[in-house]
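Read off the chains here:
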Amino acid sequence: MLKTVGVIFVSDNCGKKDIKSLNNLLIELNLLDYEIDKVSIIPQYATLLRFELDMLIKQCDLVLVVAELNDIVFKAIAKVTFQSLKPNTEFQKIVIRLKDTDTYNLPVTTKILLGGNDDVTYPILHIQRIFVLKAQNLNEVVPHLRMHLKQYRSEPICSKVIHVLMNYDTTQLLPELKMSMVNMTYEENGELFVITLESRSFDSIVVDEENIREKLKNNIVQSFVKDHIFDMVYIDRACNIRQALETIEKCITQYGLENIFLSFNGGKDCTVLLHLVRTVLTIKFPDKLKDSILCLYARNWPTFPEQDTFIHQCQVYFNLEIMSLQLGIKDALKDVLRKKPNLKACFMGTRRTDPFSSGLDIFQMTDPDWPQIMRVNPVLDWHYSDIWDYLLYYKVPYCELYDMGFTSLGNILNTTRNPNLIYHDLRHGSDVYLPAYKMLDEDKERSGRDIQNGEK
């Protein structure tokens, strides 16, 4: 849940109208229960803007930049986020439609957030939780900005539905199963009890589901995640999300869920992938919800306890069948295909920035000297920031190691916290590690991996 925000108002001549619009924005942020860390009013000076951006993006969860848009603004953001600038076709089409004569090259990870009326509203530009708002249109875009900021600020809600056969034993046990941390309700539905668990705590809901499974054992018919977030994801207009969902749909339609497994080690990329797969199953293949998702966990020993704990929690919450093998990925694939020769395809959380992955296709068979399986890479063309935008915006549970400064997970002996996330906190007078989502240079994602001599 994100809660702190910094605001930079860029103008060489800030008049009364600008101040009024800025005050309205600050009121809106207060109503959304954001903590306003700092408000800066600065001239259009590139060095100063870069300094303010670099400082606030480390201090705050979100940064709003209100400016008369020009190349200075986007060059400053690109510099701070270590990105190149390039034409953005979607942005150019909108600008032309709005009869605006100005267009700009934008940082490569820029997302276009459109208002309720796309034909008349200037878009909000979103770059790694930096929101760029055109000063002249500030009052118009605030209502749409509210939607996004409200979702970032909202608390996660975990919800699980469990169908239980109704008999004398379950009738006696159900009242005893109510937990303090989890809201549990149940109702009769024919020969079933329908139990609904809901909690803001991922840990708590997993513990309570395990308790119910232990108490009711063979009486459980099925269970599934119930979450309105799946509907939100499915109507998301972001190109990277649309492409990933279409790839997953195509794979399930072509091979059948029973012939597909997912490579899952609890890392951020495969966690996003798991959530996307569950989204597709919920929306497009609801008849498959009773089926477990088969996952291969090739354990990179010695593993982090936090990583193993998170994998177990996902196993319970998302109904996963996990094959845990302490083997390299090639040998693990051989073992999986020997035990389950029906398997035809594997969902993988590979991105192009991963080692030896720059030339991959979204659908690509393994190399000839490997066990033969179709590798399906739905998030292949996602950026590091896309992964974190998804996890944070849609409130997807992730491994707690990422909040400690780890950005890429290997094992205990070859992985350390990313040194590029060390930040001197002036308020506390000490160095701290920022969370992984504050890593701005995606080329440094693996800086904490493959350290020498087993040193942490």
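- The name given to the protein in an unreviewed UniProt entry is FAD synthase, with the source organism recorded as Molorchus minor.

## Considerations on the packing of helix α9 (residues 239–255) against helix α10 (residues 268–284)
So, step 1. Here α9 crosses α10 at 65 degrees, and the two axes come no closer than 10 Å. Crossing of α9 against α10: the hand is right-handed. Along the contact surface, α9 presents A244, L245, I248, E249 and I252, while α10 presents L273, L276, V277, T279, V280, L281 and K284.
So, step 2. Class assignment for the residues of the contact of α9 with α10 results in 9 nonpolar, 1 polar and 2 charged.

## Some thoughts on α10
So, step 1. The first and last C-alpha atoms of α10 sit 24 Å apart over 17 residues, in line with the 24 Å expected at 1.5 Å per residue.
So, step 2. Most of α10 is tucked away: 14 of the 17 residues are buried.

## Things to note about the UniProt feature "domain: Phosphoadenosine phosphosulphate reductase" (unreviewed entry) in the protein
So, step 1. UniProt records the feature "domain: Phosphoadenosine phosphosulphate reductase" (unreviewed entry) for residues 333–415 in the present numbering.
So, step 2. Between the end C-alpha atoms of residues 333–415 there is a gap of 24 Å, over a span that is 20% helix and 11% strand.

## As for the sheet that holds strand β8 (residues 130–134)
So, step 1. The strand order β2-β1-β3-β8-β7-β6 describes an open sheet built from 6 strands, whose pairing is mixed. Of all strands in the sheet, those with a lone pairing partner are β2 (35–42) and β6 (111–113), marking the two edges. Averaged over all pairs of adjacent strands, the angle between strand axes in this sheet comes to 20 degrees, irrespective of strand direction.

## Remarks on helix α5 (residues 138–153)
The periodicity of an α-helix, 3.6 residues per turn, causes residues three or four positions apart to be oriented the same way.
So, step 1. Maximal helix bending in α5 amounts to about 35 degrees, located at H144.
So, step 2. Every buried residue of α5 is accounted for by L138, V141, V142, H144, L145, H148, L149, Q151, Y152 and R153.

## Things to note about the pairing of β2
Here is the key point about a regular strand: its side chains alternate between the two faces of the sheet.
So, step 1. Taken together, the 7 bridges between strand β1 (residues 4–10) and β2 define a ladder with parallel strand orientation. Across the sheet, the residue bridging to I8 is S40, located in β2.
So, step 2. Regarding the hand of the β-α-β motif, the stretch spanning β1, helix α1 (residues 16–31) and β2 is right-handed.

## Re a nonpolar patch on the surface
So, step 1. The grouping of I19, V39 and I41 at the surface amounts to a nonpolar patch, some 210 Å² of accessible area in total.
So, step 2. By secondary structure assignment, the location of I19 is in helix α1.
So, step 3. In this structure I19 comes out as partly exposed when scored by relative accessible area, which is 32%.

## Things to note about the packing of aromatic side chains
So, step 1. Inspection of the entire model under this criterion finds 14 aromatic pairs.
So, step 2. Considering the side-chain rings of F202 and F310, the 6.3 Å spacing of their centres and the 50 degrees angle between planes classify their relative orientation as tilted. Placement of the pair is F202 in helix α7 (residues 202–216) and F310 in helix α11 (residues 305–317), with a sequence separation of 108 residues. Note on accessibility: F202 and F310 belong to one class, buried.

## Regarding the pattern of salt bridges
So, step 1. With the rule as written, the count across this model stands at 23 salt bridges.
So, step 2. Here K111 and D386 are joined by a salt bridge, their closest N and O atoms 2.6 Å apart. One end of the pair, K111, is in strand β6; the other, D386, is in helix α13 (residues 384–393), with 275 residues separating them in the sequence.
So, step 3. Given the relative accessible area of 17%, K111 is considered buried.
So, step 4. In this structure, D441 engages K444 in a salt bridge whose closest nitrogen and oxygen atoms are separated by 3.8 Å.
So, step 5. Exposure remark for K444: the relative accessible area of 33% places this residue in the partly exposed category.
So, step 6. When salt bridges that share partners are traced, they join K111, R129, D386 and D389 into one network.

Basis of the calculations
Going along each chain's sequence as written, the residues are numbered from 1 onward. Residue-level local features of this predicted model are given only where pLDDT is at least 70; pairs of side-chain atoms are given and counted only at 80 or more, and the full residue set underlies all totals for whole chains, interfaces and linings. Side-chain calculation: all heavy atoms of the structure are included, whereas hydrogens and water are not. As a rule, the C-alpha atoms of each element are fitted with a line to give its axis, helices using only the stretch in contact, and angles between N-to-C directions run from 0 to 180 degrees. Runs of E in the DSSP output that reach at least two residues are strands. Runs of H or I that reach at least four are helices, and both are numbered from the N terminus. Crossing handedness follows the turn of the near helix against the far one: under a right angle anticlockwise gives a left-handed crossing, and clockwise gives a right-handed one. In what follows, a contact means two residues having at least one pair of non-hydrogen atoms within 4.5 Å. Three categories are distinguished: nonpolar for Ala, Val, Leu, Ile, Met, Phe, Trp, Tyr, Cys and Pro, charged for Asp, Glu, Lys and Arg, and polar for the others, with Gly belonging to the last. By this rule the span expected of a helix is its residue count minus one, scaled by 1.5 Å. Each residue gets one of three labels from its accessible area relative to the maximum for its type: buried under 20%, exposed over 50%, partly exposed in between, using a 1.4 Å probe on protein chains only. UniProt positions are given in the numbering used here, feature names are shortened, and annotations may be inferred rather than shown by experiment. For two strands to be treated as a pair, DSSP must find at least two bridges joining them. The reported bend at a residue is simply the angle between two axes, fitted to the 7 residues ending at it and to the 7 residues beginning with it. Seen with the strands pointing away from the viewer, any crossover whose path from the first strand over the helix to the second strand runs clockwise is right-handed. Only residues whose relative accessible area exceeds 30% and that form no salt bridge enter a patch; like-charged residues are grouped when within 9 Å of one another, and nonpolar side chains (Val, Leu, Ile, Met, Phe, Trp, Tyr) when within 5 Å. Methods summary: accessible areas were calculated by the Shrake-Rupley approach with a probe of 1.4 Å, and residue burial reflects only the protein chains presented. Salt-bridge detection follows one rule: a side-chain nitrogen of Lys or Arg within 4 Å of a carboxyl oxygen of Asp or Glu. Classification of ring pairs rests on two measures: the distance between centres of Phe, Tyr or Trp rings, Trp counted by its six-membered ring, which must be within 6.5 Å, and the angle between planes, read as stacked under 30 degrees, edge-to-face over 60 and tilted in between.

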